[in-house]
Amino acid sequence: MLISKNDILYRKNKKPIVFDFGLNINQTKKPIVILAHGFKGFKDWGHFNKIMEYFIENKFVFLKFNFSHNGGTVNQPIDFDDLEAFGNNNYTKELDDLGSVIDWISSEENFRNEVDITNISIIGHSRGGGIVLLKSAEDNRVKNVITLAGVCDFEKRTATVGDLEQWKKDGVKYVLNGR
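Note that the structure is predicted; figures quoted are calculated from it, not measured.

1. A short note on the overall build of the protein
Working step 1: The number of helices and strands found in the protein is six helices and six strands.
Working step 2: Reading the helices (α) and strands (β) of the protein from amino to carboxyl end gives β-β-β-α-β-α-α-β-α-β-α-α.
Working step 3: Buried positions account for 44% of the 179 residues belonging to the protein.
Working step 4: Long-range pairs, those at least 24 residues apart, make up 64% of the contacts in the protein between residues at least 6 apart in sequence.
Working step 5: Put simply, the protein shows about 9,700 Å² of open surface, and 51% of that area lies on carbon and sulfur atoms.

2. Looking at the sheet that holds strand 3 (residues 30–36)
Working step 1: Here we have six strands laid out as an open sheet, ordered 1-2-4-3-5-6, and mixed in their pairing. Where the open sheet ends on each side, the last strands, each with one partner, are strand 1 (2–11) and strand 6 (142–148). For this sheet the average axis-to-axis angle between neighbouring strands, irrespective of direction, equals 25 degrees.
Working step 2: Pairing geometry for strand 2 (residues 14–23) and strand 4 (residues 61–65), over four bridges, is antiparallel. Paired with Phe19 across the strands is Phe65, a residue of strand 4.
Working step 3: This element, helix 4 (residues 127–138), spans strand 3, strand 5 (115–125) and strand 6 of the sheet and lies at about 140 degrees to strand 5.

3. Topic: helix 4
Working step 1: The end-to-end C-alpha distance of helix 4 is 17 Å, a good match for the 16 Å that twelve residues give at a rise of 1.5 Å each.
Working step 2: Those residues of helix 4 that sit buried are Arg127, Gly128, Gly129, Gly130, Ile131, Val132 and Lys135.

4. A word on the environment of Ile3
Working step 1: Examined against the element boundaries, Ile3 turns out to sit in strand 1.
Working step 2: Here Ile3 falls in the partly exposed class, since its relative accessible area comes to 33%.
Working step 3: Put simply, Ile3 and Asn24 are 21 residues apart on the chain and 8.7 Å apart in space, counted from C-alpha to C-alpha.
Working step 4: In contact with Ile3, other than residues within four places in its own chain, are Phe21, Gly22, Met52 and Ile56.

5. Section: the packing of aromatic side chains
Working step 1: On inspection of all chains with the given rule, the structure shows nine aromatic pairs.
Working step 2: Judged by centre distance (5.4 Å) and plane angle (90 degrees), the ring pair of Phe21 and Trp104 falls under edge-to-face. Of the two residues, Phe21 is situated in strand 2 and Trp104 in helix 3 (residues 91–107); the sequence distance between them amounts to 83 residues. Each of the two residues, Phe21 as well as Trp104, counts as buried.
Working step 3: Taking the centre distance of 5.7 Å and the plane angle of 85 degrees together, the rings of Tyr54 and Phe55 count as edge-to-face.
Working step 4: For Phe55, a relative accessible area of 16% translates into the label buried.
Working step 5: Members of the aromatic cluster, connected to one another through ring pairs, are Phe19, Phe21, Trp104 and Phe111.

6. A few points about the nonpolar core
Working step 1: Within the largest apolar cluster, 27 residues are counted, with the highest numbers of intra-cluster contacts made by Phe21, Ile34, Leu63, Phe65, Leu98, Ile105 and Ile122.
Working step 2: Of all the elements, helix 3 adds the most residues to this core, at seven residues.
Working step 3: In terms of nonpolar packing, the next biggest core, distinct from the first, is built from nine residues, Leu35, Phe48, Met52 and Ile56 among them.

Rules of the game
Residues numbered from 1 in each chain as written. Predicted model: local features only at pLDDT ≥ 70, side-chain atom pairs only at ≥ 80, totals over all residues. Heavy atoms only, no water. Helix = DSSP H or I, 4+ residues; strand = E, 2+ residues; numbered from the N terminus. Buried < 20%, exposed > 50% of the residue type's maximum accessible area, 1.4 Å probe, protein only. Contact = heavy atoms within 4.5 Å. Areas by Shrake-Rupley, 256 points an atom, 1.4 Å probe, with all protein chains shown as cover. Pairing = 2+ DSSP bridges. Axes fitted to C-alpha atoms, helices over the stretch in contact; angles between N-to-C directions. Expected span 1.5 Å × (residues − 1). Phe/Tyr/Trp six-rings, centres within 6.5 Å; stacked < 30°, edge-to-face > 60°. Core = buried A, V, L, I, M, F, W, Y, C linked by side-chain atoms within 4.5 Å.

Given below as structure tokens:
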């Protein structure tokens, strides 16, 4: 079993993504499962490592990652050190991050004989559940979606605090100091 922890996906002009990746190498193409964490979460939260082990043991390729603006950093992936990034996070960035992860696993030459890029499933926890639903609607590479306590209505969840129209205009939602 190969499990690689805290790998870094560098992207041009974008924040890097920290991820864990695992599979059993046996020259047989396996379905891919990608896990997206929730709001104020990270790839190593709670039971995510156990979920990863379970899928790998059951003949899947598994990848879990930190959203690039979740507040963690490359050097501190489970700490909340990058408040500026966290303050600038939005759904579009998270959808882009998930797309980058799908692109990476779909094109990684080292695992060409191990991954079945026609069989990609995405799992999302909490807000990550909403993100995977949105991604599945825009990316036909995704064949299956699983949500774990996923957000089902972004508008209701976000429209209760602050000005939704201003948020759309700015791309960032301010809720401090009355704004």
